[in-house]
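Summary of structural features
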Amino acid sequence: MSTELTDTSPITKTVVVDCTVEHAFEVFTARIAEWWPLETHSIFKDEVDTVMIEPHEGGELYELSRNGERGHWATVTAWDPPHRMMLSWRVNPTTPAPTEIELTFAPEADGKTLVTLEHRGWELLGPDLGAQGRQSYHEGWDRTLGCYADVANG
């Protein structure tokens with residue numbers, strides 16, 4: 001059996017954006033609706049209207065449908081602007097447990113910012129579901145962070 005099909009280790013992705021830490025954090029959080037690829041990464045598919053993050057610990061990351069229905073994605077478990085936020089990620093309420101996403105924003109040379117995303121806790125979903133979910137998100141985060149970087153760099 002392939003390691004890729006059984007891997008439940010954390011996913012770590014990084015991107016360097018050409019802006020300050022403050023701007024990088026603000027684009028990721030307050031301006032998430034400008035860059036999140038809702039056409040491919042949403043609950044309501046063709047009926048999705050927007051996505052937003054409530055900016056505080058205990059807040060919610062959710063999407064809204066065109067008719068106002070709310071689709072929960074995550075709960076904010078740590079909020080430390082502009083350096084860090086953590087999410088208890090559970091887009092599908094039928095999964096056995098949430099996974100965890102930690103985002104950090106660190107200054108780099110020349111006014112740039114290193115954004116690091118770690119998505120962990122796949123083992124909590126069990127070996128099959130955890131490995132499948134990890135594989136899907138491993139690919140999905142590349143596209144999503146690319147969309148983010150386009151807006152943060154713009």
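Below is a summary of the structure that appears in this document. (Residues numbered from 1 in each chain as written. Predicted model: local features only at pLDDT ≥ 70, side-chain atom pairs only at ≥ 80, totals over all residues. Heavy atoms only, no water.)

1. With respect to the nonpolar core
- Within the largest apolar cluster, 38 residues are counted, with the highest numbers of intra-cluster contacts made by Val 17, Trp 36, Leu 61, Trp 89, Phe 105 and Tyr 148.
- Per-element accounting of this core gives the leading share, six residues, to helix α3 (residues 127–153).
- If we ignore the near neighbours within four places in the chain, the residues touching Trp 89 are Trp 36, Leu 61, Trp 73, Ala 74, Pro 98, Thr 99, Ile 101, His 119, Tyr 137 and Trp 141. (Core = buried A, V, L, I, M, F, W, Y, C linked by side-chain atoms within 4.5 Å. Buried < 20%, exposed > 50% of the residue type's maximum accessible area, 1.4 Å probe, protein only. Helix = DSSP H or I, 4+ residues; strand = E, 2+ residues; numbered from the N terminus. Contact = heavy atoms within 4.5 Å.)

2. Regarding empty space enclosed by the protein
- A complete count under the given rule lists one cavity of 30 Å³ or more for this structure.
- Looking at the largest cavity, its volume works out to about 50 Å³.
- Mapped by element, the contributors of at least two residues to the lining of the largest cavity are β5 (84–89) and β6 (99–107).
- Considered class by class, the residues forming the lining of the largest cavity number 10 nonpolar, no polar and no charged. (1 Å grid on protein atoms, 1.4 Å probe; cavity = no way out; pocket = protein on both sides within 12 Å on 5 of 7 lines; lining within 4 Å. Points joined across faces, edges and corners; volume = space filled by probe spheres on them. Nonpolar A, V, L, I, M, F, W, Y, C, P; charged D, E, K, R; others polar.)

3. Structural notes on the environment of Glu 57
- Inspection of the secondary structure assignment puts Glu 57 in the loop between β2 (48–53) and β3 (60–65).
- Along the backbone, Glu 57 and Thr 75 are 18 residues apart, and their C-alpha atoms lie at a distance of 8.0 Å.
- In this structure Glu 57 touches Val 76, Thr 77, Ala 78 and Trp 79, once residues within four positions along its chain are discounted.

4. Looking at the packing of helix α1 (residues 21–29) against α3
- Following both chains from N to C, one finds α1 and α3 inclined at 125°, their axes separated by 10 Å at the closest point. Of the possible angle classes, the one that applies to α1 and α3 is oblique. Crossing of α1 over α3 shows right-handed handedness. Residue-level inspection shows His 23, Ala 24, Val 27 and Phe 28 of α1 in contact with α3, the latter providing Leu 145, Tyr 148, Val 151 and Ala 152.
- A breakdown of the residues in the contact of α1 with α3 according to their chemical character gives seven nonpolar, one polar and no charged. (Axes fitted to C-alpha atoms, helices over the stretch in contact; angles between N-to-C directions. Parallel < 35°, antiparallel > 145°, perpendicular 65-115°, else oblique. Left-handed = near helix turned anticlockwise from the far one by under 90°.)

5. Quick look at the packing of aromatic side chains
- For the structure shown, the criterion picks out 15 aromatic pairs.
- Ring plane angle 70° and centroid distance 5.2 Å describe the contact between Trp 35 and Tyr 148, whose orientation is recorded as edge-to-face. Pair noted here: Trp 35 is in helix α2 (residues 32–35) and Tyr 148 is in helix α3, with a separation of 113 residues, a long-range link.
- For Tyr 148, a relative accessible area of 0% translates into the label buried.
- For the pair Trp 122 and Tyr 137, a centre-to-centre distance of 5.5 Å together with 40° between the ring planes defines the contact as tilted. Taken together, the residues span a long stretch of sequence, with Trp 122 in the loop between β7 (113–120) and α3 and Tyr 137 in helix α3 at a distance of 15 residues.
- For Trp 122, a relative accessible area of 2% corresponds to the buried category.
- Each residue in the set Phe 25, Phe 28, Trp 35, Trp 36, Trp 73, Trp 79, Trp 89, Phe 105, Trp 122, Tyr 137, Trp 141 and Tyr 148 is aromatic and connected to the rest through ring pairs, giving one cluster.
- Lying over the aromatic face of Tyr 62, Arg 70 brings its terminal NZ or CZ to 3.6 Å of the ring centre. (Phe/Tyr/Trp six-rings, centres within 6.5 Å; stacked < 30°, edge-to-face > 60°. Lys NZ or Arg CZ within 6 Å of the ring centre and 35° of its normal.)

6. Brief notes about unusual backbone geometry
- Cis geometry is adopted by the peptide bond preceding Pro 82, which originates at Pro 81 and carries an omega value of 0°.
- Looking at the secondary structure, you find Pro 82 in the loop between β4 (70–80) and β5.
- Positioned with a positive phi, Lys 45 is a non-glycine residue whose angle comes to about 50°.
- The residue Lys 45 is located in the loop between α2 and β2 in this model.
- For Lys 45, a relative accessible area of 53% corresponds to the exposed category.
- The backbone of Asp 110 sits at a positive phi, close to 60°, despite the residue not being glycine.
- Among the secondary structure elements, Asp 110 is positioned in the loop between β6 and β7.
- A residue is classified by how much of its surface remains accessible, and Asp 110, at 73% relative accessible area, is exposed.

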